[in-house]
Amino acid sequence: MPFDRHDRQSSRPAPALTGARPFFLVLAMLARGACAQTSAEVSLVSEYAMRGISLNPDPALQLRVDHDADGGWYTGAFASPIKLYGRGQGLLIVYGGRAAPLTSRLSWDAGIARTIYLRNHEVDYHEFYAGLTLDRVSARLSYSPAYFGAGRTVYLDVNTGVPLGERISLALHGGILHPFADYRRSGHDRADLRAALAYDTADWRLQAGWQTLMHPSDYERPRARALFASASLRF
């Protein structure tokens, strides 16, 4: 899956998801695979942060659904309440792609994602991503032609997990966002770092950790809190 395991109720109904329609068609087409498998995850997070930026400073309940089809093809969707420009709304990310092994230890992953803000469609954006995974280390490069409705950016993130016991592990993340000259908030590259202790059972995953954002001064949205926690139920 291309996103990390990476808010308020609306006062009126959200507008139609016209920008997401092609992605839902892809979801429906790929869902016909004979060996398909669908899974879901419900999470309660202390704060919803993405790439070091706080999209919801309050606890939020989130939902992720993933569908794996034949040949390594997959689709999925992630939904969360957020706060943007001082008002609550919903966020929806839909994605699809393909993952396959190259060797017994190395695999690749590539796809496209659409991020949709239900009350501010002017900041919706696409991202095209590709990455490699070697054992427990993964790296992915994402390119957006109009990040947050503005100019071009690339984002590189690296993730790894270090086992500390039978059920406990250390999850590490590092990412850097590079804006090109046509991005209206261009300036310094922005790097985000995160480290968390994770406890896993058959159905639950509990996390608590620390995160930070570097060079955030030219960015209009607030940086995430240093400490965070989450609880996720998989089914």
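All figures in this text were calculated on a predicted structure; none of them were measured in a lab. (Residues numbered from 1 in each chain as written. Predicted model: local features only at pLDDT ≥ 70, side-chain atom pairs only at ≥ 80, totals over all residues. Heavy atoms only, no water.)

**Here we look at the pattern of salt bridges**
In total, this model carries 6 salt bridges according to the counting rule given. The salt bridge partner of Glu-127 is Arg-51, with a shortest N-O separation of 2.9 Å. Of the two residues, Glu-127 is situated in strand β8 (residues 125–134) and Arg-51 in the loop between β2 (48–50) and β3 (53–56); the sequence distance between them amounts to 76 residues. A salt bridge links Asp-200 to Arg-234; its shortest N-O distance comes to 3.6 Å. In this pair, Asp-200 sits in strand β12 (residues 190–200) while Arg-234 sits in strand β14 (residues 227–234), placing the two residues 34 residues apart along the sequence. When salt bridges with common partners are traced through the structure, they connect Asp-200, Arg-205 and Arg-234 into a single cluster. (Salt bridge = Lys/Arg side-chain N within 4 Å of Asp/Glu carboxyl O. Helix = DSSP H or I, 4+ residues; strand = E, 2+ residues; numbered from the N terminus.)

**Quick notes on the confidence of the model for the chain**
Of all residues in the chain, 80% attain a pLDDT of 70 or more, and the chain-wide mean is 85. With pLDDT under 50 throughout, residues 1–34 is counted as low confidence; its partners more than four residues away or in other chains account for 76 contacts. (pLDDT = per-residue confidence, 0-100. Contact = heavy atoms within 4.5 Å.)

**A closer look at the packing of aromatic side chains**
To describe a pair of aromatic rings, one takes the distance between the centres and the angle between the planes. A complete count under the given rule lists 5 aromatic pairs for this structure. Cation over ring: Arg-51 sits above Tyr-155, and NZ or CZ is 4.0 Å from the ring centre. Taking NZ or CZ as reference, Arg-152 lies 4.6 Å from the ring centre of Phe-180, over its face. (Phe/Tyr/Trp six-rings, centres within 6.5 Å; stacked < 30°, edge-to-face > 60°. Lys NZ or Arg CZ within 6 Å of the ring centre and 35° of its normal.)

**As for the nonpolar core**
In this structure, Tyr-48, Ile-82, Leu-91, Tyr-117 and Phe-148 are the most contacted members of the largest nonpolar core, which totals 21 residues. Put simply, the parts of the chain that give this core at least two residues each are β2, β5 (73–84), β6 (87–101), β7 (106–117) and β8. Among the elements that make up this core, the one with the highest residue count is β5 (4 residues). With 5 residues, the next largest nonpolar core counts Ala-77, Leu-92, Val-94 and Ile-116 among its residues. (Core = buried A, V, L, I, M, F, W, Y, C linked by side-chain atoms within 4.5 Å. Buried < 20%, exposed > 50% of the residue type's maximum accessible area, 1.4 Å probe, protein only.)

**Here we look at the sheet that holds strand β4 (residues 60–68)**
An order of β1-β4-β5-β6-β7-β8-β9-β10-β11-β12-β13-β14 is seen for the 12 strands of this closed barrel, with the pairing classed as antiparallel. With strand direction ignored, the average angle separating the axes of adjacent strands in the sheet is 20°. As defined by bridge partners, strand β10 (residues 153–163) adjoins strand β11 (residues 168–179) across 11 bridges and the pair is classed as antiparallel. Residue pairing across strands places Pro-163 opposite Ser-169, the latter belonging to β11. (Pairing = 2+ DSSP bridges. Axes fitted to C-alpha atoms, helices over the stretch in contact; angles between N-to-C directions.)

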